[in-house]
Amino acid sequence: MIRRSFRNEMIRERIETLRKQLEYHNHRYYVDNAPEISDFEFDTLMRELQELEKAHPEFADPNSPSARVGSDLTAEFHTVKHRFPMLSLGNTYSLDELHEFIDRIEREAGPTEYVCELKFDGTAISLTYEHGRLLRAVTRGDGTQGDDVTNNIRTVRSVPLRLQGDGWPDYFEIRGEILMPYASFDRLNAEREAAGDPLFANPRNAAAGTLKQQSSAVVARRGLDCSLYQLAGEDLPFESHWESLEKARQWGFKISGHIRICHNIEEIDAFIHHWDAARRELPFPTDGAVVKVNDFAVRRRLGFTAKAPKWAVAYKFKAEQALTRLVSVDFQVGRTGAITPVANLEPVLLAGTTVKRATLHNAEQMALLDIRPGDMVYVEKGGEIIPKITGVELAQRPADSEPFRYITVCPECGTPLVRYEGEAKHYCPNQSGCRPQILGRIIHFIRRKAMNIEGLGEETVELLYENGLVHDISDLYDLQAPQLACLPRLGEKSAENIIRSIRQSVEVPFSRVLFGLGIRFVGEATAKYMAEHFRSLDAVMKASREELVEAEEVGAKIADGILEYFTDAENLRIIERLRQAGLKFEAEERERASDTLDSKSFVISGRFLNHSRDELKNLIELHGGRNLAAVSGNVDYLVAGENMGPAKLKKAEKLGVRIISESDFEAMLGNDGRIPTPAAEPVEKTEQPTIPEQGTLF
Ligand code: IVH
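Residues numbered from 1 in each chain as written. Predicted model: local features only at pLDDT ≥ 70, side-chain atom pairs only at ≥ 80, totals over all residues. Heavy atoms only, no water.

S.K.: When you look at the site of the ligand in this model, what are you seeing that I'm missing?
M.R.: Inspection of the region around the ligand gives 14 residues, with Glu117, Leu118, Glu177, Tyr229 and Lys292 positioned closest. Within the side chain of Lys119, an N or O atom sits 3.2 Å from an oxygen atom of the ligand. A distance of 3.0 Å separates a nitrogen atom of the ligand from a polar backbone atom of Phe120. In isolation the ligand has 520 Å² of accessible area, and contact with the protein removes 90% of it. When residues of the shell around the ligand are traced back to their parent elements, those giving at least two are strand E3 (114-120), strand E8 (225-232) and strand E10 (286-293). Tallying contributions element by element places E3 first for the shell around the ligand, with four residues. Looking at the shell around the ligand, its residues break down into eight nonpolar, one polar and five charged. (Near = heavy atom within 4 Å. Polar contact = N/O pair within 3.5 Å; in protein donor to acceptor, adjacent residues only side chain to side chain. Areas by Shrake-Rupley, 256 points an atom, 1.4 Å probe, with all protein chains shown as cover. Helix = DSSP H or I, 4+ residues; strand = E, 2+ residues; numbered from the N terminus. Nonpolar A, V, L, I, M, F, W, Y, C, P; charged D, E, K, R; others polar.)

S.K.: Teacher, can you tell me more about the side chain of Arg372 here?
M.R.: By secondary structure assignment, the location of Arg372 is in the loop between helix H11 (363-369) and strand E15 (376-380). Side-chain polar atoms of Arg372 contact the side chain of Asp370, separated by 3.1 Å. Leave out the neighbours within four places in its chain, and Arg372 touches Leu326, Arg397, Ser401, Glu402, Pro403 and Phe404. (Contact = heavy atoms within 4.5 Å.)

S.K.: Looking at this structure, how should I read the sheet that holds strand E9 (residues 260-262)?
M.R.: Strand pairing in a sheet relies on backbone hydrogen bonds, with the paired strands running either antiparallel or parallel. Here five strands make up an open sheet; going across it, the order is E2-E11-E10-E3-E9 and the pairing mixed. Each of the sheet's edge strands pairs with one partner strand only, and the pair in question is strand E2 (90-92) and E9. Between one strand axis and the next, the sheet turns through 30° on average, direction left out of account. The strands touched by helix H3 (residues 95-109) within the sheet are E2, E3, E10 and strand E11 (312-316), with E11 carrying the most contacts at an inclination of about 170°. (Pairing = 2+ DSSP bridges. Axes fitted to C-alpha atoms, helices over the stretch in contact; angles between N-to-C directions.)

S.K.: Is there a simple way to think about helix H9 (residues 265-278) in this case?
M.R.: In an α-helix, one turn spans 3.6 residues; hence positions three or four apart end up facing the same way. The first and last C-alpha atoms of H9 sit 20 Å apart over 14 residues, in line with the 20 Å expected at 1.5 Å per residue. Within H9, the full set of buried residues consists of Ile265, Ile268, Phe271, Ile272, Trp275 and Ala278. The secondary structure elements touched by the buried residues of H9 are H3, E3, E9, E10 and E11. (Expected span 1.5 Å × (residues − 1). Buried < 20%, exposed > 50% of the residue type's maximum accessible area, 1.4 Å probe, protein only.)

S.K.: Please explain empty space enclosed by the protein as it appears in this structure.
M.R.: Unoccupied space between atoms shows up once a probe the size of one water molecule is rolled over them. Applying the stated rule across the entire model yields five cavities of 30 Å³ or more. Estimated volume of the largest cavity: approximately 150 Å³. In terms of lining residues, the largest cavity is bounded by 14 residues, among which Arg441, Asp472, Glu570, Asn571 and Ile574 are the most central. Elements with a minimum of two residues in the lining of the largest cavity: helix H12 (435-446) and helix H21 (569-581). Per-class residue counts for the lining of the largest cavity are six nonpolar, four polar and four charged. (1 Å grid on protein atoms, 1.4 Å probe; cavity = no way out; pocket = protein on both sides within 12 Å on 5 of 7 lines; lining within 4 Å. Points joined across faces, edges and corners; volume = space filled by probe spheres on them.)

So far we have only geometry, and geometry alone does not tell us how the molecule works.
Written out as structure tokens, the structure is:
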């Protein structure tokens, strides 16, 4: 017995030593950028730790460095109230306004010091440390409450799980930005493209989306980074912002090195001027500079407005633009026949990535810009994935250039293009004979969000088409494994897997089949609503234009797309074959928990404390109610959460829709359908006043 506990003690010590070593080397690598050991040595130590932890669950620690690899367990994100609200910053694009801001401060407080920082373009996070260990990580949310994403944050290597040095307060928060460096972003999008998944529009969306991933193992692989810029807590022992950041750096936090103390407008301007250009060389995205009063006593005098501190402001850089030559214009034909002109550019560096192509949207847009091959053009990244051309540098236009003539026939099949009323794009109407449309429809059908047929990628679909095996989606269900096995690059095993996946797809629910058909304008959400409303494909096919428009989410444009689809004889033939193949053309009967909400319809809007919006919607269906997307006279109840749009509220009031809270809704259900409130949070401390007490915040 004694020997065993001695051995256990040795193991505990070894675990502790390994944890310390790994955390130290992790910091040297990810924060200091100065590794001392090789990846191989690091991995060896990590493996030893993981094995010991596995054999000795009694020594488990959520902040062990082994947590950094994440787990596949599905996460639930509880809502947590911020102990101090996460305010936003006033911002400006104008140097004059920035100068006025500084003048105002100096009129009130006299000459003072400023700390200039970069404004990181990621997603805000608040980390709480207790006794030097990471206790909790919460997203900004609506500023007063956010989501607990602690397990995901533990995988971000630059976030310390235990603090170094000494002197840290027993309990404090530190706030900053979770960033996705361009290198991680490019890798992630390349992987998603290969897998046929939708791409992230920018690193900010990718960072925010990653934090809400359900599996922390996925987060661990995404290469997030974290830069911290603000401490919050009671009685923090600092007199200035600079001092607090210096200390935080000593405790192991990653604090940007690109910060400066400035004493006047000239120095602030110089900082901004420098970084407006130099940010192009940074490995992560920034969208401005933040100017903050350094001295906490001065901050206290200046105070806050309702939303933001009066002692800090963000100066936003103009969207990065690049000037490059338009070499030529390609025309892409989508699965619905829509034509998109795409610019081929001389490669140019823009916001961290090399841009070679940009969208030109449509003929009108091109005419508006009078854009011509050979022109020097301005490229900008908007919120979308593909950069756009925002202007032409006319001074550099070649003398012999001529206005661009838009195509009149399909570049793929030569069919004359058409324009539908109210549509900016041209279309190729040759649906059944135009290669990219045929392939596009099949590729859409097999997508994960539609029939989820695995093993069939774009290349294989092309191969099947070229070899005359598949011409439309219904042909997939006649395929036999030996036909596939003799195609290049496909062995017997993958052929069998594909066939199995095709056969399994007959189990896919009706709403996804409806989406998979690729009816013009019927997206995933619309298909769900339609399946819910009509309950079967036959009902959809029989519906008149008026009946279609009656369904939620279906407007006139979508209704026309649906009618057009079902008048096409070829489509009807395909549908019959799919029916023969056994695809689900009817919605499944919902199992009801009760009829409490029978024939009542609801709209859910805003954020809620106990449930996500989807949870509420599920509850409504489970108890016999109906979810509607928009407030109208047909709605019985509007369940109003925080932050819901005032327009919706007004409309509901006007129409006499009953407006109820989350707890009213829960009361309607009684205890039956109630999802228990998360047990872990909020902890006592998070329930303290949310108004910042001046003098305690920073
Ligand atoms: S200070 C009281 N410093 O910008 C305000 N914010 O518009 C504390 N941000 O939500 C914020 N870089 O997500 C501060 N160096 C920086 C920042 C920064 C990016 C973000 C942050 C905040 C938003 C405010």
